[in-house]
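Geometric and topological summary
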Amino acid sequence: MPAITVDDITTLARVPTLDASLAHRPVKAVTVAPGGFEGEGFPVRRAFAGVDLADLDPFVHMDQMGEVEYAPGEPKGTPWHPHRGFETVTYIIDGTFEHEDSNGGGGTITNGDTQWMTAGAGILHIEKPPEALVVSGGLFHGIQLWVNLPKAEKWAPPRYQDLRAGEVGLLASSDGGALVRVIAGSLAGHAGPGDTYTPITLLHATLSPGATLDLPWDPAYNALAYVLAGAGSAGVESRPIDTGQLAVFGAGDGLRLAASTRQESRTPELEVLVLGGRPIREPVAWYGPFVMNTRDELVTAFEDFQAGRLGSVPAVHHTPDHVEEISPAAE
């Protein structure tokens, strides 16, 4: 799990020690992400399954894609599909993924890169492994997060952000036992590169065995911690957490994560995605690829998609425009 690493963590700015007067957030619940398949059949864990949308707001959905070691010919992606009313955030930890959309956005992301697509008023896109990865196989691991948009921004023009690993903010825990990557929002005055309509913070933390990470957290935000790999605990009450589990925190000014002293050899450190945002507190009407405020808006989204008003699939270049005859000698 390379993502973004540093040669010497002691050179990084430190997350300040939490003031004793601040209230630690309690752990409201720990849930287990069930497995499933997405797109053309790649394995995912549904990170938010069973959690009330009120506790997730402003987020609505998150998949952990992999971690999977593909054999040659096995890597899969998604076909072209529509979205409206929210943003998709694709963060690749291991492997490579390609994105293309009907608004002209797209590119290739690999270890530690993020693609941030604002669907807004509507867009079509496709996500797939590059041909080289399909041929060779290999390790693939990442997440896709859906961030809701407030009603006033659901009709914003689509946009695309290509966030490279080298742009991510990097911090060390106060004791140097944890590396924190700031992808969006800010932590202790250090900002990530993601530009968001809805105020959020998105972090990826790596904790060495036995390390403790205390994070100051905006009391106006909710707080979630999803374990990508490894074992540890959440909260000052030390609720056990493991791979594929989500800790939902209550109210407070800061949160605590700790890595178990002993880790499996396959996952020698605790890897956690920490996220939170300012709740939108608006009605959510969600069906398939659309996240709106009312059922009527969902119906309109489907009608607009069927009528081609969400965009069109770009033409594929360098493909034959006629069928060539094959001579018997060539058969």
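Scroll up to find the structure this text is about.
Residues numbered from 1 in each chain as written. Predicted model: local features only at pLDDT ≥ 70, side-chain atom pairs only at ≥ 80, totals over all residues. Heavy atoms only, no water.

1. Concerning the overall build of the chain
If you tally the helices and strands in the chain, you get 3 helices and 26 strands. For 331 residues, the compact-globule formula gives about 20 Å, and the C-alpha radius of gyration of the chain, at 21 Å, lands near that figure. Over its C-alpha atoms, taken along the principal directions, the chain stretches across nearly 80 × 50 × 35 Å. Taking all 331 residues of the chain together, the buried fraction comes to 51%. (Helix = DSSP H or I, 4+ residues; strand = E, 2+ residues; numbered from the N terminus. Rg over C-alpha atoms; globule rule 2.2 N^0.38 Å. Buried < 20%, exposed > 50% of the residue type's maximum accessible area, 1.4 Å probe, protein only.)

2. Things to note about the nonpolar core
Side chains of a nonpolar character, in soluble globular proteins, are inclined to be buried together. Ranked by internal contacts, the top residues of the largest apolar core, which has 30 residues, are F48, F59, M62, Y91, L145, L202 and L224. Those elements that provide at least two residues to this core are strand 4 (59-70), strand 6 (86-94), strand 11 (138-148), strand 14 (178-184), strand 17 (200-207), strand 19 (224-229), strand 22 (245-249) and strand 24 (270-277). With residues near it in sequence (within four places) discarded, Y91 still touches A3, I4, G112, D113, T114, G142, I143, R181, I183, H204 and L273. Membership of the second largest hydrophobic core comes to 28 residues, among which are V15, L215, A225 and L257. (Core = buried A, V, L, I, M, F, W, Y, C linked by side-chain atoms within 4.5 Å. Contact = heavy atoms within 4.5 Å.)

3. Description of the packing of aromatic side chains
Under the counting rule described, the total for this entry stands at 6 aromatic pairs. Members of the aromatic cluster, connected to one another through ring pairs, are Y70, F97 and F140. (Phe/Tyr/Trp six-rings, centres within 6.5 Å; stacked < 30°, edge-to-face > 60°.)

4. Observations regarding the pairing of strand 17
Counting buried residues in strand 17 gives 8 out of 8 residues, a clear majority hidden from the surface. Burial along strand 17 is two-sided: the face carrying I200, L202, H204 and T206 and the face carrying T201, L203, A205 and L207 are both buried. Bridge count between strand 14 and strand 17: 6 bridges; the pairing is antiparallel. Within strand 17, the position partnered with A184 by the bridge is L202. Bridge analysis of strand 17 against strand 24 gives 8 bridges, and the strand direction is antiparallel. Counterpart to L203 in the pairing with strand 24 is V274. (Pairing = 2+ DSSP bridges.)

5. Let's talk about the sheet that holds strand 5 (residues 81-83)
One open sheet accounts for 4 strands, arranged 5-10-7-8; its pairing is antiparallel. The open sheet has two edge strands, strand 5 and strand 8 (106-109), and neither has a second partner. Adjacent strand axes in the sheet meet at a mean angle of 25 degrees, parallel and antiparallel pairs treated alike. Pairing geometry for strand 7 (residues 97-101) and strand 10 (residues 123-128), over 4 bridges, is antiparallel. If you follow E100 over to strand 10, its bridge partner there is I126. (Axes fitted to C-alpha atoms, helices over the stretch in contact; angles between N-to-C directions.)

6. Things to note about the side chain of N293
With respect to the helices, strands and loops of the structure, N293 is situated in the loop between strand 26 (290-292) and helix 3 (295-306). Among the polar contacts listed, one links the side chain of N293 to the backbone oxygen of P283, at a separation of 2.8 Å. Beyond its immediate stretch of four places on either side in the chain, N293 contacts K151, K154, E282, P283 and A285. (Polar contact = N/O pair within 3.5 Å; in protein donor to acceptor, adjacent residues only side chain to side chain.)

7. Some remarks on the pattern of salt bridges
Any two side chains of opposite charge can pair if their charged atoms end up close together. Enumeration according to the criterion identifies 10 salt bridges in this entry. D162 is the salt-bridge partner of R164, the closest N and O atoms lying 2.9 Å from each other. Several salt bridges share partner residues, and in doing so they unite R84, D304 and R309 into one network. (Salt bridge = Lys/Arg side-chain N within 4 Å of Asp/Glu carboxyl O.)

8. A word on the environment of T243
Inspection of the secondary structure assignment puts T243 in the loop between strand 21 (239-242) and strand 22. Considered as a pair, T243 and V227 are 16 residues apart in the sequence and their alpha carbons are 5.0 Å apart. The residues touching T243, leaving out its near neighbours within four places in the chain, are R45, V227, L228, A229 and G230. A distance of 3.1 Å separates the side chain of T243 from the backbone nitrogen of G230, its partner in a polar contact.

9. Focus on the environment of G73
Tracing the sequence through the fold places G73 in the loop between strand 4 and strand 5. Separated by 62 residues in the primary sequence, G73 and V135 place their C-alpha atoms 5.4 Å from one another. Excluding anything up to four places from it in sequence, G73 contacts V134 and V135.

10. Observations concerning the sheet that holds strand 1 (residues 27-32)
Through backbone hydrogen bonds, the strands of a sheet pair up, either in parallel or in antiparallel fashion. What the 7 strands build is an open sheet, ordered 1-22-19-24-17-14-13; its pairing is antiparallel. The sheet terminates laterally at strand 1 and strand 13 (169-172), the two strands that pair on one side only. Each strand of the sheet is rotated relative to its neighbour by a mean of 20 degrees, with strand direction disregarded.

11. Digging into the side chain of D304
Here D304 lies in helix 3. On the basis of relative accessibility, which here comes to 11%, the residue D304 falls in the buried class.

12. Things to note about a nonpolar patch on the surface
Judged by side-chain polarity, L53, V284 and W286 come together as a nonpolar surface patch covering roughly 230 Å² of accessible area. The residue L53 is located in helix 1 (residues 53-56) in this model. On the basis of relative accessible area, L53 is assigned to the partly exposed category, the value being 34%. (Patch = residues over 30% accessible without salt bridge, like charges linked within 9 Å, V, L, I, M, F, W, Y side chains within 5 Å. Areas by Shrake-Rupley, 256 points an atom, 1.4 Å probe, with all protein chains shown as cover.)

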